[in-house]
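Residue strings, one per chain:
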Amino acid sequence: IISEEDQTLYRTGVGILLYLVKHTRPDIANPTRELSKCLDRATEDTWKELPRVTKCTLGTRNYGLKILYRILRYAVSTNIFNCVCVCVCVCVRRQ
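Please read these numbers as outputs of a predicted model, since none were measured by experiment. (Residues numbered from 1 in each chain as written. Predicted model: local features only at pLDDT ≥ 70, side-chain atom pairs only at ≥ 80, totals over all residues. Heavy atoms only, no water.)

Draft legend 1. How the structure looks around the side chain of Thr32. The topology assignment puts Thr32 in helix H2 (residues 29–36). Under the relative-accessibility criterion, Thr32 is labelled buried at 1%. With residues near it in sequence (within four places) discarded, Thr32 still touches Val14, Leu17, Leu18 and Val21. (Helix = DSSP H or I, 4+ residues; strand = E, 2+ residues; numbered from the N terminus. Buried < 20%, exposed > 50% of the residue type's maximum accessible area, 1.4 Å probe, protein only. Contact = heavy atoms within 4.5 Å.)

Draft legend 2. Spatial organisation of the pattern of salt bridges. Scanning all chains against the criterion turns up five salt bridges. With its nearest N and O atoms 3.8 Å apart, the salt bridge here joins Arg11 to Glu4. Given the relative accessible area of 57%, Glu4 is considered exposed. A salt bridge links Glu34 to Lys37, with the shortest nitrogen-to-oxygen separation between them at 3.2 Å. The exposure class assigned to Lys37 is partly exposed, which follows from its relative accessible area of 36%. Among the charged side chains, a salt-bridge network with shared partners connects Arg33, Glu34 and Lys37. (Salt bridge = Lys/Arg side-chain N within 4 Å of Asp/Glu carboxyl O.)

Draft legend 3. Broad picture of H2. Those residues of H2 lying buried are Pro31, Thr32, Glu34 and Leu35. One side of H2 holds all its buried residues, which, seen down the axis, span an arc of 160 degrees. (Arc of directions from axis to C-beta.)

Draft legend 4. Broad picture of helix H1 (residues 4–23). The end-to-end C-alpha distance of H1 is 29 Å, a good match for the 28 Å that 20 residues give at a rise of 1.5 Å each. Among all positions of H1, only Gln7, Tyr10, Gly13, Val14 and Leu17 are buried. Viewed end-on, H1 has its buried residues packed into an arc of 130 degrees, placing them on one side of the element. Pointing more than 90 degrees away from the buried face of H1 are the exposed residues Glu4, Glu5, Ile16, Tyr19 and Lys22. Of the surrounding secondary structure, the elements contacted by the buried residues of H1 are H2 and helix H3 (44–59). (Expected span 1.5 Å × (residues − 1).)

Draft legend 5. Here's a closer look at the nonpolar core. If you look at the biggest cluster of nonpolar residues, it comprises ten residues: Ile2, Tyr10, Val14, Leu17, Ile28, Leu35, Cys38, Ala42, Leu50 and Val53. Where this core is concerned, the elements lending two or more residues are H1 and H3. Per-element tally for this core: the top contributor is H1, with three residues. When residues no more than four places from it in sequence are discounted, the contact partners of Ile2 are Gln7, Tyr10, Ala42, Thr43, Glu44 and Trp47. (Core = buried A, V, L, I, M, F, W, Y, C linked by side-chain atoms within 4.5 Å.)

Here is the structure:
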């Protein structure tokens, strides 16, 4: 189990990822869900996974499929993003 100060930083980082999942990046929902399972007792393994998911999120912010279609005379574009972040959460849960 990591220190109390690192626990606070871990919760803050996961909270930021949850905000991104809700508002702009649904593609990182699965790794963020796995990280959020260990909010109360994060371990060294989950502490190491947080920067990995964050790096993947920041590294793929411009990736996506851009669809451009025309409705009448107005051009409408849609961006679809996909992230291949894989997070394996090794979490010690209270019994």
